Amino acid sequence: MPALLLLSAAVVIGFEKFVEWRYGAPGAIGLLLLGIGAKAKSPACAGVGATVLVLQVVGPTAA
């Protein structure tokens, strides 16, 4: 069981580092808000986090 917890923690930390590297601090904040909203069962917080992540992935659109 401790090995599974250690592996899952390593995967989560690796994913967070990837998001921060790829999308910067706003991406990390969006991921944090999404995680907090999911744990607290707060749709508003999770929605804000998901919106931030989507805006980071889509980026500015050329008009």
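Refer to the preceding data block for the structure.
Residues numbered from 1 in each chain as written. Predicted model: local features only at pLDDT ≥ 70, side-chain atom pairs only at ≥ 80, totals over all residues. Heavy atoms only, no water.

I keep staring at the packing of aromatic side chains and nothing clicks. Help me out?
Any pair of aromatic rings gets described here by the distance separating the centres and the angle formed by the planes. Summed over all chains, the structure comprises one aromatic pair. For the pair Phe18 and Trp21, a centre-to-centre distance of 5.9 Å together with 45 degrees between the ring planes defines the contact as tilted. Linking Phe18 with Trp21, this pair stays in helix 1 (residues 2-39), spanning three residues, or about one helical turn. Accessibility expressed as a relative area gives 41% for Phe18, which makes it partly exposed. (Phe/Tyr/Trp six-rings, centres within 6.5 Å; stacked < 30°, edge-to-face > 60°. Helix = DSSP H or I, 4+ residues; strand = E, 2+ residues; numbered from the N terminus. Buried < 20%, exposed > 50% of the residue type's maximum accessible area, 1.4 Å probe, protein only.)

Looking at this structure, I do not really get the layout of surface pockets. What am I missing?
Any space left empty among the atoms is revealed by the rolling of a water-sized probe across them. In this model, the largest pocket occupies a volume close to 180 Å³. Val12, Phe15, Glu16, Lys17, Glu20, Ala28, Leu31 and Leu32 are the residues that line the largest pocket. Considered class by class, the residues forming the lining of the largest pocket number five nonpolar, no polar and three charged. (1 Å grid on protein atoms, 1.4 Å probe; cavity = no way out; pocket = protein on both sides within 12 Å on 5 of 7 lines; lining within 4 Å. Points joined across faces, edges and corners; volume = space filled by probe spheres on them. Nonpolar A, V, L, I, M, F, W, Y, C, P; charged D, E, K, R; others polar.)

Is there a simple way to think about unusual backbone geometry in this case?
Where the residue is not glycine, phi is negative for most of them; where a peptide bond is considered, it is trans in most cases. Phi is positive for Lys41, close to 55 degrees, though the residue is something other than glycine. Residue Lys41 is classed as exposed on the basis of its relative accessible area, which comes to 74%.

When you look at helix 1 in this model, what are you seeing that I'm missing?
The terminal C-alpha atoms of helix 1, which comprises 38 residues, lie only 21 Å apart, well short of the 56 Å expected from a rise of 1.5 Å per residue. For helix 1, the full list of buried residues reads Val19, Gly27, Gly30, Leu31 and Gly37. Looking at the buried residues of helix 1, the elements they touch are helix 2 (43-58). A positive backbone phi angle near 55 degrees is found at Lys41, which sits one or two residues after helix 1. (Expected span 1.5 Å × (residues − 1). Contact = heavy atoms within 4.5 Å.)

Is there a simple way to think about the environment of Ala38 in this case?
Within the secondary structure, Ala38 sits in helix 1. Overall, the relative accessible area of 54% leaves Ala38 in the exposed class. When the C-alpha atoms of Ala38 and Gly49 are compared, they prove to be 9.9 Å apart, with 11 residues separating the residues in sequence.

That's the geometry; what it means functionally is another story.
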